[in-house]
Amino acid sequence: MITYQAINLAEIINAEFYSKSDDINNISINEIVFDTRLPINNPTTAIFFALKGIQDGHLFIDEAYKKGIRNFCISNKSFITKFLDANFFIVEDTLVALQNWAKYHRQKFNIPIVGITGSNGKTIVKEWLSTTLASKYVVAKNPRSYNSQIGLPYSVLQIEPKHQIGIFEVGISQPLEMGKLAPILQPDTVIFTNIGPAHQQYFKNIDEKIIEKLWEDDEKVSDTAHQKILKIVNYKRSKILNIV
């Protein structure tokens, strides 16, 4: 991950920056933490995002602080007075802040990006393509299956100048999620693996799920498994780039 200066990052994510440091121009950040159970390579240059999911990430700020982290993106200002030697990025929504950072970061790189979506097989296809292309290119990709509203922006933020191509899987589980992820990744080509029953309880029918996964970029889609995908793509755009 490339290094960002704290004052620049605050502007990128539209944060109110609070620090008692005498040298705020030299506060560097080059690691993202959102789960204190995972290894932290360099706590002094890491930033902890207090994300709200099943649990509120603000509940783990104490743990992150104990592990040496001194940069925090939060939406609850009460922690400012608790940790006087820490730096705080105060935002309305910490997840939106992370996603906006990733969107900004993606725009810094003019490399081909392949997005992979579908109900099943995303990680397998990503790993297969990445392994195949690694003999010729330096490949950026999601670690493990980091493809969610949190995982994808985290993955995109790992793109570095050395990378020549990006292969990223994109996962959704509810309506309107692809509209947040697609602008972050901005893929040049999309591979649609298949469509199945995963997360179907959140969609009215299978067509709604397909349309959500296609978002508005279905002219870039390569279908691999499901004829209904092709039918909807052809209906919406009357063309498709590649049939794999």
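Since this is a predicted model, take the numbers as computed values, not measurements.

**Student:** Please set out the sheet that holds strand E5 (residues 46-49) residue by residue, giving values where relevant.
**Tutor:** Ordered by their spatial adjacency, 5 strands build an open sheet running E2-E7-E6-E5-E4, and the pairing between neighbours is mixed. Two strands close off the open sheet at either side, each with one partner strand: strand E2 (16-18) and strand E4 (31-33). Neighbour-to-neighbour, the strand axes of the sheet open up by a mean angle of 20°, direction not taken into account. The pairing of E5 with strand E6 (residues 71-74) spans 3 bridges and is parallel. Pairing of Phe48 across the sheet is with Phe72, part of E6. Each of E4, E5 and E6 is contacted by helix H3 (residues 94-106), which is oriented at about 135° to E5, the strand it contacts most.

**Student:** Kindly report on the packing of aromatic side chains, identifying the contributing residues and their values.
**Tutor:** Within this structure, the stated rule accounts for 11 aromatic pairs. Joined through ring pairs, the aromatic side chains of Phe48, Tyr65, Phe72, Phe83 and Phe88 make up one cluster. Residue placement shows Arg70 over the ring face of Tyr65; its charged tip is 3.6 Å from the ring centre.

**Student:** Could you give an account of the packing of H3 against helix H6 (residues 178-185), with specific residues and numbers?
**Tutor:** Two numbers describe how H3 lies on H6: the axes approach to 7 Å, and their chain directions differ by 30°. Here H3 is positioned roughly parallel relative to H6, judged by the angle of their axes. Along the contact surface, H3 presents Gln99, Ala102, Lys103 and Arg106, while H6 presents Lys180, Pro183, Ile184 and Leu185. Looking at the contact of H3 with H6 residue by residue, the class counts come to 4 nonpolar, 1 polar and 3 charged.

**Student:** Lay out the pattern of salt bridges in plain terms, naming residues and giving numbers.
**Tutor:** Under the counting rule described, the total for this entry stands at 8 salt bridges. With its nearest N and O atoms 2.8 Å apart, the salt bridge here joins Arg37 to Asp35. Residue Arg37 is classed as exposed on the basis of its relative accessible area of 72%. Take Asp35: its relative accessible area is 18%, and that puts it in the buried class. Here Lys126 makes a salt bridge to Glu127, at a shortest N to O gap of 3.3 Å. By relative accessible area, Lys126 is classed as buried at 0%. By relative accessible area, which is 27% here, Glu127 ends up partly exposed. Among the charged side chains, a salt-bridge network with shared partners connects Lys126, Glu127, Lys141 and Glu169.

About the cut-offs
- Residues numbered from 1 in each chain as written.
- Predicted model: local features only at pLDDT ≥ 70, side-chain atom pairs only at ≥ 80, totals over all residues.
- Heavy atoms only, no water.
- Pairing = 2+ DSSP bridges.
- Helix = DSSP H or I, 4+ residues; strand = E, 2+ residues; numbered from the N terminus.
- Axes fitted to C-alpha atoms, helices over the stretch in contact; angles between N-to-C directions.
- Contact = heavy atoms within 4.5 Å.
- Phe/Tyr/Trp six-rings, centres within 6.5 Å; stacked < 30°, edge-to-face > 60°.
- Lys NZ or Arg CZ within 6 Å of the ring centre and 35° of its normal.
- Parallel < 35°, antiparallel > 145°, perpendicular 65-115°, else oblique.
- Nonpolar A, V, L, I, M, F, W, Y, C, P; charged D, E, K, R; others polar.
- Salt bridge = Lys/Arg side-chain N within 4 Å of Asp/Glu carboxyl O.
- Buried < 20%, exposed > 50% of the residue type's maximum accessible area, 1.4 Å probe, protein only.

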